[in-house]
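The primary structure of each chain is shown beneath.
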Amino acid sequence: MTELIYRKIAKRLDGSTGLPIVRRRIVGLTTTERDVAQAVATEFLSESRNQTELSYFMPQVRQGSGDTPYIFFGDIGEIALFEHRSASPIEYRLSVLAREGDLVVIGGQRNRSFEQYLEKDLGLGHRDYLYIDQTNDEVRVPTPVKCLKDAHAYAQLCAQVEERGGATLVAHITTGTIWTLAKKLGRDTGLPIHVAGPTPSLTARVNDKLWFASLTTRLFGEAAVPHKYSVYGPAALTGRVHSLARSYEKIVIKVPDSAGSAGNFPILSADIADISVKDLHQYLKDLIVDTVGSSPYPLMVQVWDCNVLTSPSVQLWIPPAEEGPPVIEGIFEQYLTGQAGRFSGAVPAALPDDWDFKLSRDALMLGHILQTLDYFGRCSFDTIISGKSFETASLYWVECNGRWGGVSVPMTLLNSLFAPDKTPAYIIAHRSGLVPSHRPFSSGLDILKDLLWHPGANSGIVFLAPIGFEEGNTLIFLSLAIKTTDAVDQAETVFQRLAAIP
């Protein structure tokens, strides 16, 4: 019997974090469930370097959220396979979480129109921006790395910290660069510096698909993870794919530490059924090497389930243990469009109650383990519910995202814009390849001005970054309405209107 009755609620938490955190599920663990989670956590603690790392960075920097202003780094360049991509307006996405007096560090081109949109149109208040010039760099350098290694960029950042009397660093992903930068800032300014994220080694672990598969297997058993294999060389990869193709329709090769679809290489068994092992070896080499390089191993080879009912993600905030248990902030499903079921974003899940409870409880067990390992901050778990019906379906845990992302950022923004129990229905739209031409962000606002959300309204469009207009390839925004169906229709209106205007 659970110690707390399972309930769906919307309760804002008053913790030390300056980010608006809302607990939307209350679920307790039985004594047995808590003991099982603690036993697994104890196993992983023996492999952890977390305390050693924290000792190295202290006393100049502390983990957590301080009372000082925040400094946001939205660059995604330190994620595997994203490191050589050019600076992008996607950096602005994390800036929607900034408050009055916070600082946003941007390594790409400045977008004054989007900055004014956040401050004036959304009413988020004035935040400062620090622009890190990269025009003379021969190779794209992630913005946090530039701040750490470039003397001029570091001096600018250091001056901003001194002006604010300290800072809490919030990054898209909390790497060793962020922690080292925090330590250097603390040492040189003598001011309090916090990092709102896990230590470098724990960040690397939770974002590693192989490590997460090991964790979920030890907690829930082999049946809780899709059939998966680790391969450590080209011959092993060829052999494993050749073997699995005999029994399964679809296989996916995954780069364990990449994000989203960038590190996924799906293969239809029918496409390789009639080729020799030698040709398969060359086919796989051509498929992977151009993107990942010649030494991408280990790789994960996983069976792709064809009977997927839905693919929910569970969004968590994990505070220090002394502040309470992990917070289940929401469960989301993929928003699919068209006959082919094209991925177009995410929507709050509408699952049967027993499945909502199971996801919440199991995610809480995983969150308890990470909290015991001293994980702090934003985290989400991706899952698959597979079967012919929910009554007979199975749950599979696919990966952990130990970072901010395309769901957690807009979800947290809404916690700022609305009282917890007043949030309207919404979808998070994220669609690629639909904007026919480049145009300034301000022009996009003019085209859609009658659809834009304004403070006090219960419907409208909220843009999360200027990327779709400035690069002409992807749009990311919130569509809010009284009903989810209306939010979907409104999002489609956005796409249709932009497609109709050259």
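Whatever comes next refers back to the structure up there.
This one's a predicted model, so the numbers in the text were calculated from it and none came from an experiment.

Trainee: Explain the sheet that holds strand 5 (residues 103-106) residue by residue, including any values.
Mentor: In sheet architecture, strand pairing relies on hydrogen bonds along the backbone and comes in two forms, parallel and antiparallel. Ordered in space as 3-8-7-4-5-6, the six strands form an open sheet in which the pairing is parallel. Strands at the two margins of the open sheet, each flanked by one partner only, are strand 3 (61-63) and strand 6 (128-131). Between one strand axis and the next, the sheet turns through 25 degrees on average, direction left out of account. Relative to strand 6, strand 5 runs parallel, the two being bridged by four bridges. Across the sheet, the residue bridging to V104 is Y129, located in strand 6. Its contacts with the sheet place helix 6 (residues 176-189) against strand 3, strand 4 (70-73), strand 7 (167-171) and strand 8 (193-195), and it is angled at close to 170 degrees to strand 8.

Trainee: Hey, could you go over the packing of helix 8 (residues 209-220) against helix 12 (residues 353-372) for me, with residue numbers and the actual values?
Mentor: Helix packing geometry: the angle between the two helix axes and the distance between the axes. Viewed as axis vectors pointing N to C, helix 8 and helix 12 meet at an angle of 115 degrees, and their least axial separation amounts to 11 Å. Seen along the crossing, helix 8 lies across helix 12 with a hand that is right-handed. Seen from helix 8, the contacting residues are W211, F212, L215, T216, L219 and F220; seen from helix 12, they are D362, M365, L366, I369 and L370. Classifying every residue of the contact of helix 8 with helix 12 by side-chain character gives nine nonpolar, one polar and one charged.

Trainee: Give a description of helix 9 (residues 234-244) that names residues and reports values.
Mentor: For helix 9, the set of buried residues is L237, T238, V241 and L244. Buried residues along helix 9 cover an arc of 145 degrees about the axis, so they all sit on one side. Looking at the buried residues of helix 9, the elements they touch are strand 9 (228-231), strand 10 (250-254), strand 11 (264-268), helix 10 (269-272), helix 11 (277-292) and strand 12 (299-303).

Trainee: I'd love a proper account of the packing of aromatic side chains, names of residues and values included.
Mentor: The tally for this structure, following the rule as stated, stands at 21 aromatic pairs. With centroids separated by 5.9 Å and ring planes inclined at 40 degrees, the aromatic side chains of Y70 and F72 adopt a geometry described as tilted. The same class applies to Y70 and to F72, which are both buried. Measuring from ring centre to ring centre gives 6.0 Å for F114 and Y117, while their planes differ by 35 degrees; the resulting arrangement is tilted. Of this pair, F114 and Y117 both sit in helix 3 (residues 112-121), three residues apart, which is roughly one turn of that helix. Taken together, the ring pairs in this structure connect Y92, F114, Y117, Y129, Y131, F441, F463, F477 and F495 into an aromatic cluster. Taking NZ or CZ as reference, R218 lies 4.1 Å from the ring centre of F44, over its face. Above the plane of the ring of Y229 lies R240, whose end atom (NZ or CZ) is 3.9 Å from the centre.

Trainee: Give a description of the environment of G239 that names residues and reports values.
Mentor: Examined against the element boundaries, G239 turns out to sit in helix 9. Classification of G239 by relative accessible area gives partly exposed; the value is 39%. Distance from G239 to D67, taken between C-alpha atoms, is 55 Å for residues 172 residues apart in sequence.

Trainee: So, the environment of R361: which residues are in play, and what are the values?
Mentor: In this fold, R361 is placed in helix 12. Accessibility expressed as a relative area gives 18% for R361, which makes it buried. Sequence separation of R361 and Y6 is 355 residues, and the distance between their C-alpha atoms is 9.0 Å. Contacts of R361, omitting those with residues within four sequence positions, involve V27, L29 and E33.

Trainee: Kindly report on the side chain of T217, identifying the contributing residues and their values.
Mentor: As for its position among the elements, T217 is in helix 8. Residue classification places T217 among the buried residues on the basis of a relative accessible area of 16%. In contact with T217, other than residues within four places in its own chain, are E222, V225 and K228.

Thresholds applied
- Residues numbered from 1 in each chain as written.
- Predicted model: local features only at pLDDT ≥ 70, side-chain atom pairs only at ≥ 80, totals over all residues.
- Heavy atoms only, no water.
- Pairing = 2+ DSSP bridges.
- Helix = DSSP H or I, 4+ residues; strand = E, 2+ residues; numbered from the N terminus.
- Axes fitted to C-alpha atoms, helices over the stretch in contact; angles between N-to-C directions.
- Contact = heavy atoms within 4.5 Å.
- Left-handed = near helix turned anticlockwise from the far one by under 90°.
- Nonpolar A, V, L, I, M, F, W, Y, C, P; charged D, E, K, R; others polar.
- Buried < 20%, exposed > 50% of the residue type's maximum accessible area, 1.4 Å probe, protein only.
- Arc of directions from axis to C-beta.
- Phe/Tyr/Trp six-rings, centres within 6.5 Å; stacked < 30°, edge-to-face > 60°.
- Lys NZ or Arg CZ within 6 Å of the ring centre and 35° of its normal.

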